[in-house]
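Structure at a glance
Below are the chains, spelled out letter by letter.
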Amino acid sequence: MIMRCKIVGPMGKFSITIGTCLYSILISLALGSCNHADGNSRVMNIAVASNVFHPIREIALEYEKQTGISSKIVQGSSGKLTSQIKQGAPFNVFVSADTAYTWSLYADSLTLERPMRYASGKLMLWSLNHTLDKGLESLQSGSIRSVAIANPKTAPYGIASEQILVNSDLYETIYPKLVFGESIGQTNQFILSGSADAGFTSYSSLFTPGLDVKGIYWVVPDSFHHPIHQNAVAIRRNLLDEQSMDFVHYLRSDESRQTLEKFGYTVSYQ
């Protein structure tokens, strides 16, 4: 029986209050019990960076139509997902928001092939209620008291956000205003809830289903930060290895390209 793509959303506050090791164990138990319960061994477990969750969900559903292989998708920050994989979380595929994390898995011999770039992302500055007519300089306004970015320690888009502030000579001025989201998903929640007056998030958020992007946004020029190239890699598991590699290569198919571009990503390969 062909199953629809199942989604496991972010754990919210719960994921923050427990250790990474325990979280990996819980992920393993959850995914393992689901596979056991439905008796379907043709289910890929895919770890996905939050910024690219929605396009990968669409791509996984299309892949299922073509192959009969369904997916369970866990989203989070690239850094935390990498830690979970290194600690044995049972993922078949890792779709990262950068290149470095996938290469670290490759260096540890945890992957079936070399990492492969599937897209490149962009950043935007977004505020619901405050003008951004001066671009980055707008962040110095006294009316903007808090600025959300993804945590640079675990999220590549957070690293790029820091680079923007440093390259614009604004980091020391803006640092006291910074609030850190665990991932792009949580950063968006900070902005939408009003917990942050403005924030740096992925340009793809504009095209996210169900995310009502109101207010004002300003797309940050690529020259303000290092390129946000994003890699995917098949994880060595001795289970669905061939299918995992096939899915990673499918991310470069014409169908996947169209989906990624629809969500605002640039598709170019090294």
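Details of the sheet that holds strand E10 (residues 216-219)
If you walk across this open sheet you meet the five strands as E8-E7-E9-E6-E10, and the pairing is mixed. At either end of the open sheet lies a strand with only one pairing partner, and these are strand E8 (178-181) and E10. Going from strand to strand, the sheet's axes swing by 30° on average, the running direction of each strand aside. For strand E6 (residues 123-127) and E10, the ladder comprises four bridges, and the chain directions are antiparallel. Within E10, the position partnered with Met124 by the bridge is Val219.

A word on the packing of aromatic side chains
Centre-to-centre distance and the angle between the planes together describe a pair of aromatic rings. Tallied over the entire structure, the rule returns six aromatic pairs. Seen from their ring centres, Trp103 and Tyr106 are 5.3 Å apart, and the 85° between their planes marks the pair as edge-to-face. Within this pair, Trp103 and its partner Tyr106 are both found in helix H5 (residues 100-107), separated by three residues, close to a single helical turn. Between Trp218 and Phe224, the aromatic rings sit 6.3 Å apart at their centres with planes inclined by 85°, giving edge-to-face as the arrangement. Pairwise contacts between aromatic rings join Tyr63, Phe247 and Tyr250 into one cluster.

Topic: the environment of Ser204
By secondary structure assignment, the location of Ser204 is in the loop between strand E9 (198-202) and E10. Accessibility expressed as a relative area gives 5% for Ser204, which makes it buried. Separated by 81 residues in the primary sequence, Ser204 and Leu123 place their C-alpha atoms 8.3 Å from one another. Ignoring anything within four residues of it in the chain, the contact list for Ser204 reads Asn51, Phe263 and Tyr265. A polar side-chain atom of Ser204 sits 3.0 Å from a polar atom in the side chain of Ser202.

With respect to H5
Within the sequence span of H5, burial applies to Tyr101, Thr102 and Leu105. Taken down its axis, H5 places every buried residue within 100° of arc, on the same side. Packing partners of the buried residues in H5 comprise helix H4 (78-86), strand E4 (93-95), helix H6 (156-167) and strand E11 (228-234). Phi turns positive, to about 60°, at Ser109, one or two residues after H5.

Considering empty space enclosed by the protein
With the rule as written, the count across this model stands at one cavity of 30 Å³ or more. Computed from the structure, the largest cavity encloses a volume of approximately 60 Å³. Partitioning the lining of the largest cavity into residue classes produces six nonpolar, six polar and no charged.

Reading the values: the criteria
Residues numbered from 1 in each chain as written. Predicted model: local features only at pLDDT ≥ 70, side-chain atom pairs only at ≥ 80, totals over all residues. Heavy atoms only, no water. Pairing = 2+ DSSP bridges. Helix = DSSP H or I, 4+ residues; strand = E, 2+ residues; numbered from the N terminus. Axes fitted to C-alpha atoms, helices over the stretch in contact; angles between N-to-C directions. Phe/Tyr/Trp six-rings, centres within 6.5 Å; stacked < 30°, edge-to-face > 60°. Buried < 20%, exposed > 50% of the residue type's maximum accessible area, 1.4 Å probe, protein only. Contact = heavy atoms within 4.5 Å. Polar contact = N/O pair within 3.5 Å; in protein donor to acceptor, adjacent residues only side chain to side chain. Arc of directions from axis to C-beta. 1 Å grid on protein atoms, 1.4 Å probe; cavity = no way out; pocket = protein on both sides within 12 Å on 5 of 7 lines; lining within 4 Å. Points joined across faces, edges and corners; volume = space filled by probe spheres on them. Nonpolar A, V, L, I, M, F, W, Y, C, P; charged D, E, K, R; others polar.

The values reported here are purely geometric and, on their own, carry no functional implication.
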